[in-house]
Amino acid sequence: MRIAYLECTRCGEQLSADRPQNICPKDGGVLFVRYDLAILKGKLRLEDLSGRVASMWRYAEVLPDAKPVTLGEGFTPMLPSREYANVYIKDEGLNPTGSFKARGMSAAVTMARHYGLKKLAAPSAGNAGGALAAYAAAAGIEAHIFMPKDVPVANRMECDYYGAHVTLVDGLISDCARMVAERKDKEGWFDVSTLKEPFRVEGKKTMGYEVAEQMNWKLPHGIIYPTGGGVGMIGMWKAFDEMEELGWIGSGRPKMISVQAAGCAPIVKAWEAGKTSSGEWVSEMWTGAQTFAAGLRVPKAYGDYLILDIFRKSQGTAVTATDEEILAAMRHWASVEGVFAAPEGAASLVAYQKLRANGFFLAEDKVVLFNTGSAYKYLDMIEAQGKKARPEPLTARNIGGIIGPY
Ligand SMILES: [Zn+2]
């Protein structure tokens, strides 16, 4: 659909979508894409969706009106849990490039091509880089990706094979972001960093539409989402508001839950601390971020104020999972559900178990757990973490040709 304008989520400033924009020039606020949904109300009916393409582009009316750069992203399975009667696993591991990042990059690269941009740049904790590289390849656009040097091997290799220009950085995604910011003007790159361009949210919001459609337009009681940059959650929340405006759902909302790694939990810390004395609600840069769940190694989310606001409005919360708990949850999900989840995704199970144990969720509450990616992209990290958690037994001694434990 034609975009009405871009709106700053801090000050409400309206900007034109006729040319590429990054953030609000006044206060650096995240820009949201706004459409004139009122003209769709009553015209676009739920039943019109049946029989449409099984990708996120089935929701074309609430996405930008441009020819999609698509690899078949979205409309991923909503799997009923075998273990818990009212739990569903939304498996984003089945997206192109094996993670939910495909949705955001499909939308961002679609608009980049629409605007005629030739060179895109982004910092990435891993999977966003892979997704950008793939969609840029499909669109014939240059991609410049900055990743920590210890990202999973799959992320380095996919970017290489997709033909992206990769810079491995001795640091975290925050260091990568600084390098993109320093070089972009000189190099003529358009910055597609998380929340610093408006269309990645548009792609990711389709997860909200899918949750609604796949649950027969009755939103669940809760949604647990692994949170690094937080765009998945921000996007779904935007989708719920749009669907209410379209008359597709009522005013009820799921409790929105973030799960972060215990070794990098800036959002959890900020949520527990509450608003600052100045009335602001933001997170602080986490120092010494460490977790094998690479996507959760985000020491400060650019949209922290939006995420914290969503917890408040939805009566949600934020919880942590240790690497040991995540690894155990991965094995559990794989063996019980047949889902080999990314570490970030398995953290959702840890969060659910904790929130059931403390009574936040009851057995009858319908809860959707997001698996944000496929474990196949993390095999090296998982193996290393497994060895750390369960050290190899001492090698059997070999004495006089007799092999055995002594
Ligand atoms: Zn603003």
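Located above this text is the structure these notes cover.
Not measured: the values here are computed from a predicted model. (Residues numbered from 1 in each chain as written. Predicted model: local features only at pLDDT ≥ 70, side-chain atom pairs only at ≥ 80, totals over all residues. Heavy atoms only, no water.)

## With respect to the overall build of the chain
As a reminder, the rule being used: Strands are runs of DSSP state E lasting at least 2 residues, helices are runs of H or I lasting at least 4, and numbering of each runs from the N terminus. For the radius of gyration, the atoms used are the C-alpha atoms, and the globule rule reads 2.2 Å times the number of residues raised to 0.38. Each residue is assigned to one of three classes by its accessible area relative to the maximum for its type, calculated with a 1.4 Å probe on protein chains only: buried under 20%, partly exposed between the two thresholds, exposed over 50%.
Per the secondary structure count, the chain includes 12 helices and 15 strands. The globule rule puts the C-alpha radius of gyration for 406 residues at 22 Å, and the 21 Å found for the chain is close to it. Dimensions along the principal axes, computed over C-alpha positions, put the chain at roughly 85 × 55 × 50 Å. Looking at the chain as a whole, 56% of its 406 residues qualify as buried.

## Some points on the coordination of the zinc ion
Worth spelling out the cut-off: Donors, by definition, are the N, O and S atoms found within 2.8 Å of a metal, the threshold being 3.2 Å for Na, K and Ca, and water is not counted, so a site can look incomplete.
Within the protein, the zinc ion binds to Cys-8 (SG), Cys-11 (SG), Cys-24 (SG), Asp-27 (OD) and Asp-27 (OD); these donor distances fall in the range 2.3 to 2.6 Å. Donor residues for the zinc ion, ordered by position in the chain, follow C-x2-C-x12-C-x2-D. Of this pair, Cys-11 sits in the loop between β1 (3–8) and β2 (14–15) while Asp-27 sits in the loop between β2 and β3 (31–35), and the two are 16 residues apart along the sequence. We classify Asp-27 as partly exposed; its relative accessible area is 32%.

## What to know about the layout of surface pockets
Left-over empty space is what a probe sized like a water molecule reveals as it rolls over the atoms. Put simply, the rule is: Buriedness for pockets is judged along seven lines, at least five of which must meet protein on both sides within 12 Å for an open set on the 1 Å grid over protein atoms alone, while cavities are sets there where a 1.4 Å probe fits but cannot get out, and lining residues have an atom within 4 Å of a point. Grid points are joined across faces, edges and corners, and a volume is the space filled by probe spheres set on the points. Think of it as three bins: nonpolar holds Ala, Val, Leu, Ile, Met, Phe, Trp, Tyr, Cys and Pro, charged holds Asp, Glu, Lys and Arg, and polar takes everything else, Gly as well.
In this structure, the largest pocket occupies an estimated 610 Å³ of space. What lines the largest pocket is a set of 42 residues, and nearest its centre among them are Ile-173, Thr-194, Gly-228, Gly-229 and Val-298. Top element by residues in the lining of the largest pocket is helix α4 (residues 173–187). It accounts for three residues. When grouped by side-chain class, the residues that make up the lining of the largest pocket number 20 nonpolar, 16 polar and six charged.

## Quick notes on the pattern of salt bridges
Counted only if it meets this: We count a salt bridge whenever a side-chain nitrogen from Lys or Arg sits within 4 Å of a carboxyl oxygen from Asp or Glu.
Counting across every chain of the model gives 26 salt bridges. Taking the shortest distance from any N to any O, the salt bridge between Glu-158 and Lys-377 comes out at 2.7 Å. You can see Glu-158 sitting in helix α3 (residues 153–161) and its partner Lys-377 sitting in the loop between β13 (367–371) and α12 (379–389), a full 219 residues away along the chain. The exposure classification of Glu-158 matches that of Lys-377, with both residues buried.

## What to know about the packing of helix α1 (residues 101–115) against helix α2 (residues 127–139)
The following threshold applies: With axes taken as lines fitted to C-alpha atoms, and helix axes fitted only over the stretch in contact, angles between N-to-C directions fall between 0 and 180 degrees. Each angle is binned into one of four classes, with values under 35 degrees roughly parallel, values over 145 roughly antiparallel, values of 65 to 115 roughly perpendicular, and all other values oblique. Crossing handedness is defined as follows: a turn of the near helix away from the far one that is anticlockwise and smaller than a right angle gives a left-handed crossing, while the clockwise case is right-handed. In what follows, a contact means two residues having at least one pair of non-hydrogen atoms within 4.5 Å.
For the pair α1 and α2, the least separation of the axes is 9 Å and the interaxial angle reads 40°. The orientation of α1 relative to α2 falls into the category oblique. As for the relative orientation of α1 and α2, their crossing is right-handed in sense. Judged by residue contacts, Lys-101, Ala-102, Met-105, Ser-106, Val-109 and Arg-113 of α1 engage Asn-127, Ala-128, Ala-131, Leu-132, Tyr-135, Ala-136 and Ala-139 from α2. In the contact of α1 with α2, the residues fall into nine nonpolar, two polar and two charged.

## Observations regarding the sheet that holds strand β11 (residues 255–261)
As a reminder, the rule being used: Strands are labelled as partners when DSSP assigns at least two bridges between them.
Strands sit in the order β4-β5-β13-β10-β11-β12 across an open sheet of six strands; the sheet is mixed. One side of each edge strand has no neighbouring strand; the edge strands of this open sheet are β4 (78–80) and β12 (317–321). Neighbour-to-neighbour, the strand axes of the sheet open up by a mean angle of 25°, direction not taken into account. Bridge count between strand β5 (residues 87–91) and β13: five bridges; the pairing is parallel. Bridge pairing in β13 links Ile-89 to Leu-369.

## Some words on the packing of helix α8 (residues 266–273) against helix α9 (residues 304–314)
Their axes nearest at 11 Å, the elements α8 and α9 cross at an angle of 55°. As the angle between them shows, α8 and α9 are arranged oblique. For the crossing formed where α8 meets α9, the hand is right-handed. Residues Ile-267, Ala-270 and Trp-271 of α8 form the contact with α9, whose own contacting residues are Asp-304, Ile-307, Leu-308, Phe-311 and Arg-312. Across the contact of α8 with α9, the residue classes break down as six nonpolar, no polar and two charged.

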